[in-house]
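In case you want the letters, here they are:
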Amino acid sequence: MQIGIVGKPNVGKSTFFSAATMAPAEIAAYPFTTIKANKGVAYARGKCPHVDFEVQCVPRNAICDEGVRHIPIEMLDVAGLVPDAWQGRGLGNMFLDDLRQADVLIHIVDASGSTDIEGNSVPLGSHDPVEDVEFLKNEIACWMRGILEKGWDKAARQAYQTGQRIEIVIHEKLTGLGVTESQISAAMRDVELSSNPLSWSPEDMLQLMHHIRKYAKPIIVAMNKADMANDETLERIKKAAGGMAIPTCAEAELALKKAAKGGLISYKPGDSSFKTMDGVNLSDGQKAALDKISEEISRYGGTGVQNCIEKAVYELLEMISVYPVEDESKLTDHDGRVLPDVFLVPNGTTARELAYKIHTDLGDTFIRAINVRTHRTVGSDYILLNNDVISIVSRK
Ligand SMILES: Nc1nc2c(ncn2[C@@H]2O[C@H](COP(=O)(O)OP(=O)(O)OP(=O)(O)O)[C@@H](O)[C@H]2O)c(=O)[nH]1
């Protein structure tokens, strides 16, 4: 699973990316595989089951900080969004290539209206950020339609004549974007289209792509520079984003994380406030900067950065966390680690599908699973619940 960060120049995209992927000090020691320059690791918080089971966990893939697991998620800084990227303008191709890999997008907009559509600085409030929200949706839909249109007439005619479902043709064409057939079917229910795909107009196709995009590349808008934005604009952006928009102060989040790393304040991602560490003497400059941030974030109950990440993961992608263990009574893996790993899986994942995610062999040899919280035996079709602890029994 990957979160793509998208935005035109100058809106605070790099600041957001740096802030989101800057690990808290205690996480920094974790060895992650080397990742490319435009990739980083962000974290979604989840409640560690060790609290309910009253045991001491020994985490392996996600640290536990006072009962909160920080579950790593790949984040991708999607480069080169400019108007008409879909036509290959500017770094358009790079943009689209990155976009393929993302499952969900955080669209950073400058909610203060001080960056025009091309990313140039303009006087505060002189650009309407709502345009940016529409613009990204349109860029993606146009790009998808461009892919669909290649060889469309022939494929659509063939499907129409042979009675093949058109979803299958669309799926084949969009498969490189990670679009599933069920997403296409859902989108087709949303729009009214003629049963003869040959008669679809370019506008029909664009509509359909808008709806497929909604399922396949859902977007949450980070209304950044919220510290300089007015409430009326924030409301309008939120409406344009279908409610999926959060005010953010990426600059504040980065400053707070740095101050926490430097031992000046106690602040954890997602907190709505912070505290100066005992015995720390802040300079007048530091004090003034922190006071300003404090005022900014009290307006929104936090910087919004962590909130964006978690809304993307838990609401848009509907992920849940599950904890597989080998020994159901000790909650350990084969090395005796207690509640070692947490897996983020889509809501609706079954016990057997989880087994496959852990290891192909485990999926193939799956017999049953044990829901450790209820001590009940469950079958391969058991649909996992958030925070389940599951022990899989297989043919050895
Ligand atoms: N007021 C305010 N300024 C911010 C915020 N986030 C970022 N900025 C500032 O906005 C400017 C642009 O930020 P960047 O992160 O460089 O923007 P970008 O979108 O990555 O731009 P490019 O690097 O040109 O693509 C910088 O001066 C940041 O300090 C915020 O939440 N509030």
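Taking an unreviewed UniProt entry as the reference, the protein chain is identified by name as Translation-associated GTPase belonging to Candidatus Methanomassiliicoccus intestinalis.

Now for the pairing of strand S12 (residues 366-371). Pairing analysis gives five bridges linking S12 to strand S14 (residues 388-394), with the strands arranged antiparallel. Residue pairing for S14: Arg368 is matched across the bridge by Val393. Between S12 and strand S13 (residues 376-378), which pair antiparallel in sequence order, lie four residues; one of them, His375, sits at a positive phi of approximately 60°.

The next point concerns the site of the ligand. Near the ligand, the surroundings consist of 15 residues, among which Asn10, Ser14, Thr15, Asp227 and Glu251 are the closest. A distance of 3.0 Å separates an oxygen atom of the ligand from a polar atom in the backbone of Gly12. Burial of the ligand by the protein amounts to 69% of the accessible area it has alone, namely 650 Å². Looking at the shell around the ligand, the elements that each hand over two or more residues are helix H1 (13-21) and helix H11 (250-261). The dominant element in the shell around the ligand, judged by the number of residues it contributes, is H1, at three residues. Of the residues that constitute the shell around the ligand, the class distribution is five nonpolar, five polar and five charged.

Attention shifts here to the nonpolar core. Within the largest apolar cluster, 52 residues are counted, with the highest numbers of intra-cluster contacts made by Trp152, Ile170, Leu174, Leu208, Ile212 and Val221. Residues lining this core come from more than one domain, with at least three contributed by each of domain 1 (2-138 + 218-314) and domain 2 (152-208). Not counting residues up to four positions away in its chain, the partners in contact with Ile212 are Met144, Ile170, Leu174, Val179, Ile184, Ala187 and Lys217. The next biggest cluster of nonpolar side chains, apart from the first, holds 39 residues, and it includes Ala62, Cys64, Ile309 and Ala312.

Moving on to the UniProt feature "domain: TGS" (unreviewed entry) in the protein chain. Here the UniProt-annotated "domain: TGS" (unreviewed entry) positions come out as residues 318-394. Summarising residues 318-394: 17% helix, 35% strand, and an end-to-end C-alpha distance of 28 Å.

Moving on: the layout of surface pockets. Computed from the structure, the largest pocket encloses a volume of approximately 540 Å³. For the lining of the largest pocket, the elements supplying multiple residues, two or more each, are strand S10 (319-325), helix H15 (360-364) and S14. The leading source of residues in the lining of the largest pocket is S14, at five residues. Among the residues making up the lining of the largest pocket, the classes are represented as nine nonpolar, five polar and eight charged.

What follows covers the state of the cysteines. Evaluation of the coordinates by the stated rule reveals zero disulfides. You can see Cys249 has no disulfide; the closest cysteine sulfur is in Cys308, sitting 11 Å from it.

Let's shift gears to the packing of aromatic side chains. All chains considered together, the criterion is met by one aromatic pair. Ring centres of Trp152 and Trp200 lie 5.6 Å apart, and the angle between their planes is 25°; this geometry places the pair in the stacked category. Residue Trp152 is located in helix H6 (residues 152-162), and its partner Trp200 is located in the loop between helix H8 (181-190) and helix H9 (202-216); the two are separated by 48 residues in the primary sequence. Classification of Trp152 as buried rests on a relative accessible area of 5%. Owing to a relative accessible area of 8%, Trp200 belongs among the buried residues under this scheme.

Criteria and thresholds
- Residues numbered from 1 in each chain as written.
- Predicted model: local features only at pLDDT ≥ 70, side-chain atom pairs only at ≥ 80, totals over all residues.
- Heavy atoms only, no water.
- Pairing = 2+ DSSP bridges.
- Helix = DSSP H or I, 4+ residues; strand = E, 2+ residues; numbered from the N terminus.
- Near = heavy atom within 4 Å.
- Polar contact = N/O pair within 3.5 Å; in protein donor to acceptor, adjacent residues only side chain to side chain.
- Areas by Shrake-Rupley, 256 points an atom, 1.4 Å probe, with all protein chains shown as cover.
- Nonpolar A, V, L, I, M, F, W, Y, C, P; charged D, E, K, R; others polar.
- Core = buried A, V, L, I, M, F, W, Y, C linked by side-chain atoms within 4.5 Å.
- Buried < 20%, exposed > 50% of the residue type's maximum accessible area, 1.4 Å probe, protein only.
- Domains from an automatic or database assignment.
- Contact = heavy atoms within 4.5 Å.
- UniProt positions renumbered as here; feature names shortened; annotations may be inferred.
- 1 Å grid on protein atoms, 1.4 Å probe; cavity = no way out; pocket = protein on both sides within 12 Å on 5 of 7 lines; lining within 4 Å.
- Points joined across faces, edges and corners; volume = space filled by probe spheres on them.
- Disulfide = S-S within 2.5 Å.
- Phe/Tyr/Trp six-rings, centres within 6.5 Å; stacked < 30°, edge-to-face > 60°.

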